[in-house]
Amino acid sequence: MRWIVIVLCCLSVQLSAHEMKSAITKVLFNPRTGNVEIMHRFYVHDAEHAVKKLLDKSADLIAKQSTRDSFALYVSSHFQLKSDGQDLKLSLVGNELEGRFFWVYQEVAIPQHLTQLQLRHDSLQSLWPDQVNVVNIEGRGKVKTLKFTPEQQWQQVQFSK
């Protein structure tokens, strides 16, 4: 009986492990390319549910490139960067399915005089109030991590000169 309880506890932890809605984004300052490269990673499961609510019930992230492209456009419209208060015009580079993850890629040239960066990332938060979007900023000193919830529209990081 004790083993059954242990097994059930382990299963419930695994099943609830993905109940928290979350996405991870890497903002990489790449001196080799001269670009800020943005990589958004969503669980396919979450993205599938989202496209059915955002687009229509027949949307199919797995089978249709058009659905993947539409979701990528949605993500790109819900992520924004400003350098010292000026909007950075991000280009949508592409998207891909990789195992249980859906990736969206964006980029922009690294601003010349960058002292601070303001960020907004509210993808899926209008659908799920418990959606958390984590952003890691790399390539400008120590890695900086920001956590976006619906209560935190904009955040900023400072860079040393």
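Residues numbered from 1 in each chain as written. Predicted model: local features only at pLDDT ≥ 70, side-chain atom pairs only at ≥ 80, totals over all residues. Heavy atoms only, no water.

Student: Even after reading the chapter, I still don't get the pairing of strand β9 (residues 144–148), so can you show me in this structure?
Tutor: A regular strand places its side chains so that they alternate between the two faces of the sheet. Relative to β9, strand β8 (residues 132–138) is paired through 5 bridges, and the arrangement is antiparallel. Across the sheet, V135 pairs through a bridge with L146, a residue of β9. Linkage of β8 to β9, two consecutive antiparallel strands, is achieved through a turn of 5 residues, within which G139 is found at a positive phi near 100°. (Pairing = 2+ DSSP bridges. Helix = DSSP H or I, 4+ residues; strand = E, 2+ residues; numbered from the N terminus.)

Student: I'm lost on helix α3 (residues 65–77) in this one. Help?
Tutor: Given 3.6 residues per turn, any residue in an α-helix points the same way as the ones three and four places further on. Over its 13 residues, α3 extends 18 Å from the first C-alpha to the last, a length consistent with the 18 Å expected when each residue adds 1.5 Å. Taken residue by residue, α3 has T67, R68, F71, A72, Y74, V75 and S76 as its buried positions. Its buried side turned inward, α3 meets β2 (35–43), α2 (44–54), β3 (79–83), β5 (91–98) and β6 (101–109). (Expected span 1.5 Å × (residues − 1). Buried < 20%, exposed > 50% of the residue type's maximum accessible area, 1.4 Å probe, protein only. Contact = heavy atoms within 4.5 Å.)

Student: How should the sheet that holds strand β7 (residues 116–121) be read in this particular structure?
Tutor: Sheet strands pair via backbone hydrogen bonds, and the direction of the pair is either parallel or antiparallel. With respect to topology, 4 strands assemble into an open sheet ordered β4-β3-β7-β10, the strand pairing being antiparallel. Taken across any chain shown, the strands that pair with only one partner, and hence form the sheet edges, are β4 (86–87) and β10 (155–158). Sheet analysis places β7 next to β10, joined by 4 bridges and oriented antiparallel. What sits directly across from L119, in β10, is Q155.

Student: Explanation requested: the sheet that holds β8 in the structure shown.
Tutor: Reading across the sheet, the 6 strands line up as β5-β6-β2-β1-β8-β9 and stay open at both edges, with mixed pairing between neighbours. Edge strands, defined here as strands with exactly one partner in the open sheet, are β5 and β9. Across the sheet, the mean angle from the axis of one strand to that of its neighbour is 15°, orientation sign disregarded. The sheet contact formed by strand β1 (residues 22–30) and β8 spans 7 bridges and is parallel. Bridge assignment links L28 to a residue of β8, and that residue is E138. Sitting on the sheet, α2 is in contact with β1, β2, β5 and β6, with an inclination near 85° to β2. Running at roughly 130° to β5, α3 makes contact with β2, β5 and β6 of the sheet. (Axes fitted to C-alpha atoms, helices over the stretch in contact; angles between N-to-C directions.)

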